[in-house]
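Tertiary structure, described
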Amino acid sequence: MSLRLSIDEDSGVAVVTLDRPERLNAIDLATARALAEMWRALRFDDSVRAVVLTGAGERAFCTGIDRDAVVPQPGSPYMQDDPLLTVGPKANDLWKPVVAAVEGMACGGAFYLLGECEFLVAGVEAVFFDPHTTYGMVSAYESVLMAQRMPHGEVARMMLMGAAERMSARRAHEIGLVSELTGAGEALEAAVACATVIAGYPAAGVQGTVRALWAAKEASLAAGSAQAPHLIALGNLPGEQQGELFAARRARGFRVR
């Protein structure tokens, strides 16, 4: 299974784990479908009052779309099929609080997930980056989602510097992307502790608050996302050229700030 779900019935906390550590928890098409199905199923499970989302292993929370995934695209620049658009809880109408526990790398398409979590807890060795521009791709949906969580200059730097730079967990904590910084390997425990507190409150009030917080962001998210399909179609290099740049990635270094 590419996805694991565990539920503590006493606390009301569910833990959703991306379980492809051998692929750095990259999301293939089967995992994308499984995530959507899981979020929608959790809508109907009243025993679950809060959720923690994490990734298996120490190397990565998630590295976005699996490079081997084949996604046919319409010929129009105004239409695009993006399997990651449906991997998040909000995209599936789940208004239960979701806390992310991040260890290792969180990059690229991982922001589709992190952008729909209420807040992030990260181990001190976690890093955040978006390699799209390095590989001749437009960072569109990722940029729109992260613009809701980080100061504009920090988002711009992350997206434009691409694979040349990674934001440390400490810097992410300083700018508010990460709400709590833990020791290495301790993010899940800390996230579950937060989720347990939240799950102990009356569910209707908690879910209403989640919905209100998201409503404050919806207008700008919708406006930004509306631009994404044709910006991606116009700005992305052909797949073959992207692949060449991706294959040469190990020759480049990066700095952590």
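Residues numbered from 1 in each chain as written. Predicted model: local features only at pLDDT ≥ 70, side-chain atom pairs only at ≥ 80, totals over all residues. Heavy atoms only, no water.

1. Quick notes on the overall build of the protein
Looking only at helices and strands, the protein features eight helices and 11 strands. For 257 residues, the compact-globule estimate of 2.2 N^0.38 gives 18 Å, and the protein sits close to it at 18 Å. For the protein, the spread of C-alpha atoms along the three principal axes comes to 50 × 40 × 35 Å. The buried share of the protein, taken over its 257 residues, is 49%. (Helix = DSSP H or I, 4+ residues; strand = E, 2+ residues; numbered from the N terminus. Rg over C-alpha atoms; globule rule 2.2 N^0.38 Å. Buried < 20%, exposed > 50% of the residue type's maximum accessible area, 1.4 Å probe, protein only.)

2. Considering the environment of Ala247
Of note, Ala247 is situated in helix 8 (residues 239-247). Sequence separation between Ala247 and Leu213 is 34 residues, and the spatial gap between their C-alpha atoms is 41 Å.

3. Here's the deal with the confidence of the model for the protein
Residues of the protein with pLDDT of at least 70 account for 99%, and the chain-wide mean is 94. The secondary-structure element of the protein with the lowest mean pLDDT is helix 8, recorded at 84, while strand 5 (residues 98-102) shows the highest, at 99. (pLDDT = per-residue confidence, 0-100.)

4. Describing the nonpolar core
In this structure, Val16, Leu35, Trp39, Val102, Leu114, Phe128 and Leu177 are the most contacted members of the largest nonpolar core, which totals 54 residues. The leading source of residues in this core is helix 1 (residues 29-42), at six residues. Sequence-distant contacts of Val16, that is, excluding residues within four places in its chain, are made with Leu3, Arg4, Leu5, Leu35, Met38, Trp39, Leu42, Val51, Val52, Leu53 and Thr54. Core analysis: the second largest hydrophobic core is formed by 12 residues, Ala50, Val52, Ala101 and Ala187 among them. (Core = buried A, V, L, I, M, F, W, Y, C linked by side-chain atoms within 4.5 Å. Contact = heavy atoms within 4.5 Å.)

5. Concerning the layout of surface pockets
The space that makes up the second largest pocket amounts to roughly 240 Å³. Lining the second largest pocket are 13 residues, and of these Leu85, Glu116, Leu145, Leu221 and Ser225 sit closest to its centre. Elements supplying a minimum of two residues to the lining of the second largest pocket: helix 3 (141-146) and helix 7 (203-235). Per-element tally for the lining of the second largest pocket: the top contributor is helix 7, with five residues. Taken together, the residues of the lining of the second largest pocket break down into 10 nonpolar, one polar and two charged. (1 Å grid on protein atoms, 1.4 Å probe; cavity = no way out; pocket = protein on both sides within 12 Å on 5 of 7 lines; lining within 4 Å. Points joined across faces, edges and corners; volume = space filled by probe spheres on them. Nonpolar A, V, L, I, M, F, W, Y, C, P; charged D, E, K, R; others polar.)

6. Some details on the sheet that holds strand 7 (residues 119-123)
Read from one edge to the other, the open sheet built from six strands follows the order 1-2-3-5-7-10, with strand pairing classed as mixed. Two strands bound the open sheet, and with one partner strand each, they are strand 1 (3-8) and strand 10 (180-182). Within this sheet the neighbouring strands show an average axis-to-axis angle of 20 degrees, counted without direction. Pairing geometry for strand 1 and strand 2 (residues 13-18), over six bridges, is antiparallel. The residue bridging Arg4 from the neighbouring strand is Thr17, located in strand 2. Strand contacts of helix 1: strand 1, strand 2, strand 3 (50-55) and strand 5, with the helix running at about 175 degrees to strand 2, the strand carrying the most contacts. (Pairing = 2+ DSSP bridges. Axes fitted to C-alpha atoms, helices over the stretch in contact; angles between N-to-C directions.)

7. Observations concerning the sheet that holds strand 9 (residues 165-168)
The strand order across the open sheet built from five strands is 4-6-8-9-11, with neighbouring strands paired in mixed fashion. Edge positions in the sheet fall to strand 4 (60-62) and strand 11 (255-256), since each has one partner strand and no second. Examined bridge by bridge, strand 9 and strand 11 share two bridges and lie parallel to one another. The residue bridging Glu165 from the neighbouring strand is Arg255, located in strand 11. Across the face of the sheet, helix 4 (residues 152-161) comes into contact with strand 8 (127-129), strand 9 and strand 11 while running at roughly 140 degrees to strand 9.

8. Some remarks on the pattern of salt bridges
For the structure shown, the criterion picks out 14 salt bridges. In this structure, the salt-bridge partner of Asp66 is Arg23, at a minimum N-O distance of 2.6 Å. Placement of Asp66 in the loop between strand 4 and strand 5 and of Arg23 in the loop between strand 2 and helix 1 is noted, with a sequence separation of 43 residues between them. Across the salt bridge formed by Glu154 and Arg171, the nearest N and O atoms sit 2.3 Å from each other. Taken together, the positions of Glu154 in helix 4 and Arg171 in helix 5 (residues 169-175) put the pair 17 residues apart, joining distant regions of the chain. Overall, Glu154 belongs to the buried group, its relative accessible area being 11%. Within this structure, Glu154, Arg157, Glu165, Arg171, Glu174, Arg255 and Arg257 form a network of salt bridges that share partners. (Salt bridge = Lys/Arg side-chain N within 4 Å of Asp/Glu carboxyl O.)

9. Some points on the pairing of strand 5
The buried count for strand 5 comes to five of five residues, which makes it a mostly enclosed element. Along strand 5, one buried face is formed by Val98, Ala100 and Val102 and the opposite face, lined by Val99 and Ala101, is buried too. Here strand 3 runs beside strand 5; their pairing, made up of four bridges, is parallel. Paired with Thr54 across the two strands is Ala101, which belongs to strand 5. The sheet contact formed by strand 5 and strand 7 spans four bridges and is parallel.

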